[in-house]
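Single-letter residue listing:
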Amino acid sequence: MNDAILVAYATRYGSTAEVAGAVAEVLRSGGENVDLLPVGDVTDLSRYRAAVIGSPIYMGKWLAEAQVFIEKHQKELRKVPVAYFAVGMTVVDGGDEGRRKAEASMDQVRLLVQPVETALFAGRLEPSELSFTDKAIVTLVRAPSGDYRDWDAVRSWASGLPEKVR
Ligand SMILES: Cc1cc2nc3c(=O)[nH]c(=O)nc-3n(C[C@H](O)[C@H](O)[C@H](O)COP(=O)(O)O)c2cc1C
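Residues numbered from 1 in each chain as written. Predicted model: local features only at pLDDT ≥ 70, side-chain atom pairs only at ≥ 80, totals over all residues. Heavy atoms only, no water.

### So, the side chain of Arg149
Locating Arg149 in the fold gives a position in the loop between strand 8 (146-147) and helix 8 (151-164). Look past the residues within four positions of Arg149 in its chain and what remains in contact with it is Ser15, Glu18, Val19, Ala122, Gly123 and Arg124. (Helix = DSSP H or I, 4+ residues; strand = E, 2+ residues; numbered from the N terminus. Contact = heavy atoms within 4.5 Å.)

Here it is, written out as structure tokens:
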């Protein structure tokens, strides 16, 4: 039976995993049968009637594992409604240009599988948690730090999904 909804995510420091968790929770509370999985743990897509896929943005792009997941499963994913969400910091105070850059992070995956719905969410950046290299990059680009995730925005988007992926 392909009656379940897949919520699959990539994450480096956990914030996108938590956004995916909130999306899954809202769908479940609406009575949907949901599997919440890191992209690397998804094997069989035949049991899903829809997929929600999210990735954080790093240097303007989705994490490689999210792109590879979509590329690898593009044939199956094209048969069902797919929604994408991107999590990043340029949407925090980057205005229209920040949103445009965040939208562009999905260009690659849009080409592979056209989504029925997309969303951009502000993320979390905690410098003390970052690897040496990541910390050096965010210091260089003077990225804002803190937790900017807007849970109301995430939940509101998720509550509209069942209608969109029907
Ligand atoms: C090295 C580095 C590069 C980043 N590049 C971008 C970027 O290009 N655009 C953006 O919107 N956010 C960028 N971010 C912010 C992350 O997308 C944000 O912190 C996100 O919540 C991280 O998700 P995760 O905790 O799931 O890994 C960057 C963060 C780091 C550490």
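### Topic: the UniProt feature "domain: Flavodoxin-like" (unreviewed entry) in the chain
In the UniProt entry, the feature "domain: Flavodoxin-like" (unreviewed entry) is given for residues 5-166. Between the end C-alpha atoms of residues 5-166 the distance is 10 Å, and the span holds 44% helix and 25% strand. (UniProt positions renumbered as here; feature names shortened; annotations may be inferred.)

### Side note on the site of the ligand
As a structural note, the neighbourhood of the ligand is formed by 22 residues, with Thr11, Ser15, Ile57, Tyr58 and Gly60 the closest of them. Separating an oxygen atom of the ligand from a backbone N or O atom of Arg12 is a distance of 2.8 Å. In this structure, Thr90 approaches the ligand through a main-chain N or O atom, which is 2.9 Å from an oxygen atom. For the ligand, whose free accessible area comes to 640 Å², the fraction covered by protein is 93%. Residue assignment for the shell around the ligand shows that the elements contributing at least two residues are helix 1 (15-29), strand 3 (48-58), strand 5 (82-88), strand 7 (124-125) and helix 7 (132-141). Taken together, the residues of the shell around the ligand break down into 11 nonpolar, eight polar and three charged. (Near = heavy atom within 4 Å. Polar contact = N/O pair within 3.5 Å; in protein donor to acceptor, adjacent residues only side chain to side chain. Areas by Shrake-Rupley, 256 points an atom, 1.4 Å probe, with all protein chains shown as cover. Nonpolar A, V, L, I, M, F, W, Y, C, P; charged D, E, K, R; others polar.)

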